[in-house]
Amino acid sequence: RGFGSTGGDPPSLEPPSPVPQHFGIGKLIGKTALITGAGSGIGRHAALLFAQEGASVVVADRNLAAACRTVEAMHELDGQGVAVGGDVSVADDVAAMVAKAEKVYGGLHIIFNNAGIMDSGDDNVINTPDDVIDRTLAINVKGVIYGCRYGIPAIVRSGGGSVINTASFVAFMGAATPQIAYTASKGAVLALTRELAVIHAREGVRVNSLCPGPLRTELLMKFLDTEEKKQRRLVHIPMGRFGEASEMAKAALFLASSDSSYMTGASLLVDGGITSAYVTPE
Ligand code: NAD
């Protein structure tokens, strides 16, 4: 499978090329991964990367057509994958995603609870309507809880593995461009991830959160639809650019594979330096 890659990429101020730079070296051979929200953005890139590394991937998304497109792209790379539709805020749907992994591939070793939303009605604490708060917490928090509720026992049945929950840099910092429901949801993901990590550590299950900075994906760019809105954010990013979904996929691969074998309960920030910055370069 593919060509070897021995070193890491050098640090770069430029976004990576959209064309894959190398094929996998088999970091996930023999593993089955379930990735939610894998029809788009981070989840899609992670599905393709995990498959290139030898994993069998259950590609879950409430948009089944998008999930199927990801699987088609995986097959073009000679990867193994199957699509499943479903809403992570519905417990039975998540149970069915996990059941699919066990039925089709005989087990589950990795769950990447990545599906999440940023609702256009999300605002400050005074103006955000209840339905926006409920919808955001149902998908971003209960969706992760359901993934862990059904995914962790399956991982234990398979002899152990890794859970990755997607939080965000906004769980660490306040923003004057408020999205109160989203921010609260990502803080909850950080907290519940730590507790799950402690509870399941001696069952061979590692649980970490991935905390992306602002990315050039549809989720954020449909919000930042003017140059002024983009610049309002870019000035705070030391590296001076938005992140790429492919860069988050690489961090997810690190957490999914044995490269991170002594990490659990961690919050991995991949944010272009935002959370370390007071003043950024001119
Ligand atoms: P995206 O919108 O490109 O992809 C999200 C995918 O999740 C979509 O395919 C969508 O159909 C699916 N999805 C949404 N709700 C679902 C549900 N209830 N059930 C099943 N699938 C559902 O988003 P992205 O940028 O790739 O974001 C992925 C994760 O990363 C999210 O949790 C998001 O909060 C987080 N994140 C994103 C950014 C960013 O700037 N894009 C920054 C920090 C964190």
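To be clear, the structure that these remarks concern was listed above.
These notes cover the structure that comes with them. These figures come from a predicted structure and were not determined experimentally.

**Here's the deal with the packing of helix H4 (residues 130-157) against helix H5 (residues 180-200)**
Between H4 and H5, the shortest axis-to-axis distance is 9 Å and the interhelical angle comes to 15 degrees. Relative to H5, H4 is oriented roughly parallel. In this structure, H4 meets H5 at a crossing whose hand is right-handed. Across from Val132, Ile133, Thr136, Leu137, Asn140, Val141, Val144, Ile145, Cys148 and Ile152 in H4, the residues of H5 making contact are Ala181, Tyr182, Ser185, Lys186, Ala188, Val189, Leu192, Leu196 and His200.

**Things to note about a nonpolar patch on the surface**
Residues Val125, Ile126 and Ile180 make up a contiguous nonpolar surface patch of roughly 320 Å² in combined accessible area. Tracing the backbone shows Ile180 in helix H5.

**Description of the pairing of strand S4 (residues 110-113)**
On S4, burial covers both faces: Ile110 and Phe112 on one face and Ile111 and Asn113 on the other are all buried. Taken together, the three bridges between strand S1 (residues 32-36) and S4 define a ladder with parallel strand orientation. The residue of S4 that forms the bridge with Leu34 is Ile111. With four bridges connecting them, S4 and strand S5 (residues 161-166) associate as parallel partners. Among the inter-strand pairings, Ile110 is bridged to a residue of S5, identified as Ser162. What joins S4 to S5 is H4, and the crossover it makes is right-handed.

**Let's talk about the state of the cysteines**
Counting across every chain of the model gives zero disulfides. Looking at Cys148, it has no disulfide partner, and the nearest cysteine sulfur is the one in Cys211, 14 Å off. Its relative accessible area of 6% is what places Cys148 among the buried residues. On the accessibility criterion, Cys211 (0% relative accessible area) is buried.

**A short note on the side chain of Ser257**
By the element assignment, Ser257 lies in the loop between helix H8 (245-256) and strand S7 (267-270). Overall, Ser257 belongs to the buried group, its relative accessible area being 3%. In this view, Ser257 contacts Lys27, Leu28 and Arg206; residues no more than four positions away in its chain are not counted.

**Description of the site of the ligand**
If you check the shell around the ligand, you find 27 residues, and the closest are Ser40, Asp61, Tyr182, Leu215 and Thr217. Val88 has a polar backbone atom sitting 3.0 Å from a nitrogen atom of the ligand. In isolation the ligand has 830 Å² of accessible area, and contact with the protein removes 94% of it. Among the secondary structure elements, those contributing two or more residues to the shell around the ligand are helix H1 (41-52), H5 and helix H6 (218-221). Broken down by class, the residue content of the shell around the ligand amounts to 12 nonpolar, 11 polar and four charged.

**Section: the environment of Gly54**
Along the polypeptide, Gly54 turns up in the loop between H1 and strand S2 (56-61). Taking C-alpha positions, Gly54 is 7.0 Å from Gly30, a pair spaced 24 residues apart along the chain.

**Some points on the sheet that holds strand S3 (residues 80-85)**
The sheet built from seven strands is open, its strands ordered S3-S2-S1-S4-S5-S6-S7 with parallel pairing. Each edge of the open sheet carries a strand with a single partner, namely S3 and S7. Taking each pair of neighbouring strands and ignoring which way they run, the sheet shows an average axis angle of 20 degrees. Running over the sheet, H4 touches S4, S5 and strand S6 (205-212) and is turned about 175 degrees from S4.

**Focus: unusual backbone geometry**
Phi at Asp78 is positive, roughly 75 degrees, even though this residue is not glycine. A residue is classified by how much of its surface remains accessible, and Asp78, at 64% relative accessible area, is exposed.

**A few points about the packing of H1 against helix H2 (residues 64-76)**
It is at 10 Å that the axes of H1 and H2 come closest, and there the two elements cross at 30 degrees. Put simply, H1 runs roughly parallel to H2. Judged by the twist between their axes, the crossing of H1 over H2 is right-handed. Each of Arg44, Ala47, Leu48 and Ala51 in H1 lies in contact with H2, whose residues at this interface are Arg69, Thr70, Ala73 and Met74. Partitioned by chemical class, the residues of the contact of H1 with H2 number five nonpolar, one polar and two charged.

Cut-off values and rules
Residues numbered from 1 in each chain as written. Predicted model: local features only at pLDDT ≥ 70, side-chain atom pairs only at ≥ 80, totals over all residues. Heavy atoms only, no water. Axes fitted to C-alpha atoms, helices over the stretch in contact; angles between N-to-C directions. Helix = DSSP H or I, 4+ residues; strand = E, 2+ residues; numbered from the N terminus. Parallel < 35°, antiparallel > 145°, perpendicular 65-115°, else oblique. Left-handed = near helix turned anticlockwise from the far one by under 90°. Contact = heavy atoms within 4.5 Å. Patch = residues over 30% accessible without salt bridge, like charges linked within 9 Å, V, L, I, M, F, W, Y side chains within 5 Å. Areas by Shrake-Rupley, 256 points an atom, 1.4 Å probe, with all protein chains shown as cover. Salt bridge = Lys/Arg side-chain N within 4 Å of Asp/Glu carboxyl O. Buried < 20%, exposed > 50% of the residue type's maximum accessible area, 1.4 Å probe, protein only. Pairing = 2+ DSSP bridges. Right-handed = clockwise from strand over helix to strand, strands pointing away. Disulfide = S-S within 2.5 Å. Near = heavy atom within 4 Å. Polar contact = N/O pair within 3.5 Å; in protein donor to acceptor, adjacent residues only side chain to side chain. Nonpolar A, V, L, I, M, F, W, Y, C, P; charged D, E, K, R; others polar.

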